[in-house]
Amino acid sequence: MVSTSENKNYKVIGTRPIRHDGYDKATGRAQYGADIKLPGMLIGAVVRSPYAHAKIKSIDTSEAEKMDGVFAVMTAKDLPRLGDVVRGNSEESGSEKHLSENVMAFDKVLYKGHVVAGVAAKDQNTAFEAAKKIKVDYEVLKPVINVDQAMAKDAPILHQDYSSDHLGKKVKNSNIAAHVRHENGDIDKGFKESDLVIEKEVDMQTVHQGYIEPHSGTAVWDEEDRVKVWTSTQGSFAVRDSVSKVLDLDVSRVKVTPMEIGGGFGGKIPIYLEPISAVLSKKTRRPVKTMMSRTDVFDATGPGPGGKVKVKIGIDSEGKILAAYADIRLEAGAYPEAFIEAAAKCVFSCYDVPSMKIDAYDVVVNKPSSAPYRAPASPQVAFATETVIDEICNIKGYDPIDFRLNNVAEKGTRTALGPKYRTIGLKECLEAAKESDHWKSELDSNPKTGKKRGRGIASGYWFNIGFKSSVNLSLNPDGKVALIEGSTDIGGSRASIAMQAAEVLGIPAEDVRPSVVDTDSIGITDVTGGSRTTYATGYAAYNAAHKLIEEIIEKAALKWDINKDQIEYSDGVVRSKTDSELKMTLKEIADDPPGGPIVSSASVDLEEAGGGFAVHIADLEIDEETGKTDVVNYTAIQDVGKAIHPSYVEGQMQGGAAQGIGWALNEEYFMSDDGVMLNSSYLDYRMPIALDLPMINTIMVEVPSEEHPYGVRGVGEPPIVPPVPAIGNAINDALGLRLLSTPMKPSRITEALKRKK
């Protein structure tokens, strides 16, 4: 670990306690979304469109309704019609109308797998058979399945009634849902004065987050006209907000209980089945649980957007960047939101660029509506930028780390969207990469195997977010502390949040017992996403712990009948500053505190977060005959601010790198011309497994964030950004081939080699 922080003597932070939820998950006691069982529960099933683009002419549910064991059938007619009111919860945006239509199609299906009807029955087999009996008459339309098709003249239009925003102007009958532009400086002058200008366009395929647990949603519409939901989600309050909008209910009439989550990476922020189960429950007056198959997950939940990104960079004779331009076109899927603002923030984020211009297009296509996927849109733009940077270094003979250091973004560098960076650690990451064993090692470019080897390096960025979080603390009679929070735990955040409270209180992490609760039991807490949870909810825990100490001192003052200014607290003990006989442990004061139990609560709404940077080094071995690529050495370097629980930080760095390697080499939505995904199973959608990867080396750089009392930076998203360009640069180093499309699979490599010959 490389640290630039002060050598603070933390007692809890920086240690590696066993995660608080570990035993339940290891023993199988943990309850996930599909595990919920309620008295009288029915099973739901849905009917999905076999077409990517079609008008719904009619739906006949009569045969399904006659079946024994069928309790209710629904279509979009059972949902309220919503308008184009703009909504927004953390990493989602768009209109309420589109939110509802993505749950169940009204007049038109926009992707294969789009839900058109639902059924509730006594068991799963009956529900599935009933769903088969629902007859839907479609008028099939021509689909558009990539940005080129969608933006072409005379392209079929997905949303004829939608007015899209093009640089502040409203435009109808366009598949471009939004066009934004950001400009700093004079790029024409910068390019004119450049000694070298390089331009490249990359093509990124749609990819899925690949979480192991499929989606499910269980709901009861009860006698009080309230809806209770149990689901696997990254944000119970986001679900509450979305369900209340789709069902046109006040939020207080919706209660969401988040279950344990078997992976999400951003893909479990949107809702899919919850409103359907709720409406079926209202019709039957019984609980309804609806679940997805793996194919459903691929066909109908939000993948990371594909698209095309063009980047042009000019440098002077000293190797300084003078100007940069980006044209970003990302697939939103069926409904707007391809995270183009995030793309614009990230595209040139690693460099000090005096003049830049960015055009970004949010493009609807006939694929499932895109969802966040770990640093949404940053890997796409990094592939383009880091490819151009590598090309510049190759042409000019620059050392790739020295060139990056010569142009590195630092504190005070103005970003693409205007604000200047506060303290960031990219320079320290690059220096750590340069001093790493990996970078210093010799690369055998012609090993005995007869294969080729190459080394690539790339940088990446995610800005991290803040938003709202709430934490409640209570001191139990045995001296242990109960911590109640609303952040669903994907990667160990229970532990990292509890550890921050424990650090303030000066007690072991094991003495703080965290629980993630429902939306009626804690204040509003935004999604577990955007690399915000350890930062923002941890900050709320930090504040709540300080308030708890204030309460402890108040109670001690009452018990001893002295002024609270005469009392101090340290490491789980409260004592008088003047009378050494007056002291109590937490257990002693909690046993019978005067004036009632000792509790505290805190909430935050953070506007800023310390951005996170990563630098990755990849060594590949490539068989020129077959095109097969093996990753033989990989190092992930990242500014982690302050590693609260180093093991989990290392796991995030390794997991993000593994996903990025899969995106680079194997993963894609392989689509037919009529918009059908042809590889919608884990047999055919080729995610990397342990045998595909070496041990991923990690180097944690600690440059504390100015925005957090412990210097925390979110760490979950930066590690997925550099792998795609690092892999591409390594392939170019090995074979002299610049591949500009993902995945860089064997067939693409062999075809490129043939063209080269």
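Structure's up top.
Note that the structure is predicted; figures quoted are calculated from it, not measured.

(A) Here's a closer look at the overall build of the protein chain. Looking only at helices and strands, the protein chain features 20 helices and 29 strands. Summarising its shape, the C-alpha atoms of the protein chain cover approximately 85 × 75 × 55 Å along the three principal directions. The 757 residues of the protein chain split such that 62% are buried. About 28900 Å² of surface is accessible on the protein chain, with carbon and sulfur atoms providing 46% of the total. For the protein chain, the centre of its 90 positive side-chain charges and the centre of its 108 negative side-chain charges are spaced 3 Å apart.

(B) Examining the packing of helix 3 (residues 96–103) against helix 7 (residues 236–246) more closely. Put simply, helix 3 and helix 7 touch, their axes get as near as 9 Å, and they point 90° apart. Relative to helix 7, helix 3 is oriented roughly perpendicular. Contacts between helix 3 and helix 7 involve Glu 96, Leu 99, Ser 100 and Val 103 on the former and, on the latter, Ser 242, Lys 245 and Val 246. Taken together, the residues of the contact of helix 3 with helix 7 sort by class into three nonpolar, two polar and two charged.

(C) Main features of the pattern of salt bridges. Overall, the coordinates contain 48 salt bridges when judged by the stated rule. With a shortest N-O distance of 3.4 Å, Lys 25 and Glu 260 are connected by a salt bridge. Taken as a pair, Lys 25 in helix 1 (residues 22–27) and Glu 260 in the loop between strand 14 (254–258) and helix 8 (274–284) lie far apart in primary sequence, 235 residues in all. Lys 25 gets classed as partly exposed once you look at its relative accessible area, which sits at 26%. A residue is classified by how much of its surface remains accessible, and Glu 260, at 15% relative accessible area, is buried. For Glu 668, the salt bridge identified is with Lys 745, shortest N-O distance 2.6 Å. Note that Glu 668 is positioned in the loop between helix 18 (646–665) and strand 29 (697–702) and Lys 745 in the loop between helix 19 (723–735) and helix 20 (746–756), a separation of 77 residues in sequence. Look at the salt bridges and you will find they share partners, linking Arg 19, Asp 21, Lys 25, Glu 260, Asp 489 and Arg 494 into a network.

(D) Broad picture of unusual backbone geometry. For the bond running from Thr 742 to Pro 743, omega is -10°, close enough to zero to count as cis. Mapped onto the elements of the fold, Pro 743 is located in the loop between helix 19 and helix 20. Positioned with a positive phi, Asn 173 is a non-glycine residue whose angle comes to about 55°. Tracing the backbone through its elements, the reader meets Asn 173 in the loop between strand 9 (169–171) and strand 10 (176–184).

(E) Representation of the packing of aromatic side chains. Counted by the stated rule, this structure contains 14 aromatic pairs. Note on Tyr 10 and Tyr 710: the rings are 5.5 Å apart at their centroids and 90° apart in plane angle, and the pair reads as edge-to-face. Here the residue Tyr 10 occupies a position in the loop between strand 1 (2–3) and helix 1, and Tyr 710 occupies one in the loop between strand 29 and helix 19, the gap between them amounting to 700 residues. Tyr 10 gets classed as partly exposed once you look at its relative accessible area, which sits at 22%. Take Tyr 710: its relative accessible area is 10%, and that puts it in the buried class. Joined through ring pairs, the aromatic side chains of Tyr 10, Tyr 539, Tyr 542 and Tyr 710 make up one cluster.

(F) Structural context of the environment of Leu 620. Residue position: Leu 620 is located in strand 27 (residues 612–622). A relative accessible area of 0% means that Leu 620 is categorised as buried. Once the C-alpha coordinates of Leu 620 and Val 631 are considered, the two residues, 11 residues apart in sequence, prove to be 4.6 Å apart. Apart from residues no more than four positions distant in its own chain, Leu 620 is found in contact with Lys 452, Arg 453, Gly 454, Thr 629, Asp 630, Val 631, Val 632, Ile 727, Ala 730 and Ile 731.

(G) Region of the structure containing the layout of surface pockets. Quantified by volume, the second largest pocket comes out at close to 1000 Å³. Mapped onto the lining of the second largest pocket, the elements with two or more residues apiece are helix 15 (493–505), helix 16 (533–560) and helix 18. Here the element with the most residues in the lining of the second largest pocket is helix 18; it accounts for seven residues. The residue makeup of the lining of the second largest pocket, split by class, is 15 nonpolar, 23 polar and six charged.

(H) Representation of the sheet that holds strand 15 (residues 288–291) within the structure. As summarised here, the arrangement of the seven strands in space is 4-6-2-15-12-13-14, forming an open sheet in which the pairing is mixed. Every other strand in the sheet has two partners, leaving strand 4 (70–75) and strand 14 as the edge strands with one partner each. This sheet shows a mean twist of 20° between the axes of neighbouring strands, independent of strand direction. Packing against the sheet, helix 4 (residues 124–132) makes contact with strand 2 (42–48), strand 4, strand 6 (115–121) and strand 15, and its axis sits at approximately 25° to strand 2. Relative to strand 14, helix 7 is tilted by about 145°, and along the sheet it contacts strand 13 (227–231) and strand 14.

(I) Structural detail: the pairing of strand 23 (residues 567–570). With burial as the criterion, only one face of strand 23 is covered, namely that bearing Ile 567 and Tyr 569; the residues Glu 568 and Ser 570 on the opposite face remain uncovered. Hairpin connection, strand 23 to strand 24 (residues 573–576): the antiparallel pair is bridged by two residues, and Asp 571 has positive phi, about 50°.

(J) Fine view of the packing of helix 11 (residues 378–396) against helix 19. Orientation of helix 11 relative to helix 19, taken along the N-to-C sense of each, is 35°, at an axis distance of 8 Å. The handedness of the crossing between helix 11 and helix 19 is right-handed. Of helix 19, the residues touching helix 11 (which contributes Ala 382, Phe 383, Glu 386, Thr 387, Asp 390 and Asn 394) are Val 724, Pro 725, Asn 729 and Asn 732. For the contact of helix 11 with helix 19, a count of residues per class yields four nonpolar, four polar and two charged.

(K) Quick peek at the nonpolar core. The biggest cluster of nonpolar side chains holds 126 residues, and the ones touching the most others in it are Val 311, Ile 313, Ile 328, Phe 348, Ile 358, Ile 727 and Ile 731. Once you skip the residues sitting within four places of it in the chain, Ile 328 turns out to touch Lys 308, Val 309, Ala 343, Ala 344, Val 347, Ile 358, Asp 359, Ala 360, Tyr 361 and Val 381.

(L) Spotlight on helix 4. For helix 4, the full list of buried residues reads Thr 126, Ala 127, Ala 130 and Ala 131. The arc that holds every buried residue of helix 4, seen down its axis, measures 135°, which confines them to one face. Helix 4 presents Asn 125 and Lys 132 as exposed residues on the side facing more than 90 degrees away from its buried surface. Buried-residue contacts for helix 4 involve strand 2, helix 2 (62–66), strand 4 and strand 6. You can read the cap of helix 4 off the contacts: a side-chain oxygen lies 3.4 Å from the backbone nitrogen of Asn 125, and it is on Asp 123.

(M) Main features of the side chain of Asp 222. By the element assignment, Asp 222 lies in the loop between strand 12 (216–221) and strand 13. If we ignore the near neighbours within four places in the chain, the residues touching Asp 222 are Lys 228 and Arg 285.

(N) Examining the pairing of strand 12 more closely. For strand 12, a buried count of six out of six residues is recorded, marking the element as mostly surrounded by other parts of the structure. What you see with strand 12 is no split at all: Ser 216, Thr 218 and Val 220 on one side and Gly 217, Ala 219 and Trp 221 on the other are buried throughout. Here strand 12 runs beside strand 15; their pairing, made up of four bridges, is antiparallel. Bridging from a neighbouring strand, Ala 219 pairs with Val 288 of strand 15.

Scoring rules and cut-offs
Residues numbered from 1 in each chain as written. Predicted model: local features only at pLDDT ≥ 70, side-chain atom pairs only at ≥ 80, totals over all residues. Heavy atoms only, no water. Helix = DSSP H or I, 4+ residues; strand = E, 2+ residues; numbered from the N terminus. Buried < 20%, exposed > 50% of the residue type's maximum accessible area, 1.4 Å probe, protein only. Areas by Shrake-Rupley, 256 points an atom, 1.4 Å probe, with all protein chains shown as cover. Lys, Arg positive; Asp, Glu negative; His and termini not counted. Charge placed at Lys NZ, Arg CZ, Asp CG, Glu CD. Axes fitted to C-alpha atoms, helices over the stretch in contact; angles between N-to-C directions. Parallel < 35°, antiparallel > 145°, perpendicular 65-115°, else oblique. Contact = heavy atoms within 4.5 Å. Nonpolar A, V, L, I, M, F, W, Y, C, P; charged D, E, K, R; others polar. Salt bridge = Lys/Arg side-chain N within 4 Å of Asp/Glu carboxyl O. Phe/Tyr/Trp six-rings, centres within 6.5 Å; stacked < 30°, edge-to-face > 60°. 1 Å grid on protein atoms, 1.4 Å probe; cavity = no way out; pocket = protein on both sides within 12 Å on 5 of 7 lines; lining within 4 Å. Points joined across faces, edges and corners; volume = space filled by probe spheres on them. Pairing = 2+ DSSP bridges. Left-handed = near helix turned anticlockwise from the far one by under 90°. Core = buried A, V, L, I, M, F, W, Y, C linked by side-chain atoms within 4.5 Å. Arc of directions from axis to C-beta. Polar contact = N/O pair within 3.5 Å; in protein donor to acceptor, adjacent residues only side chain to side chain.

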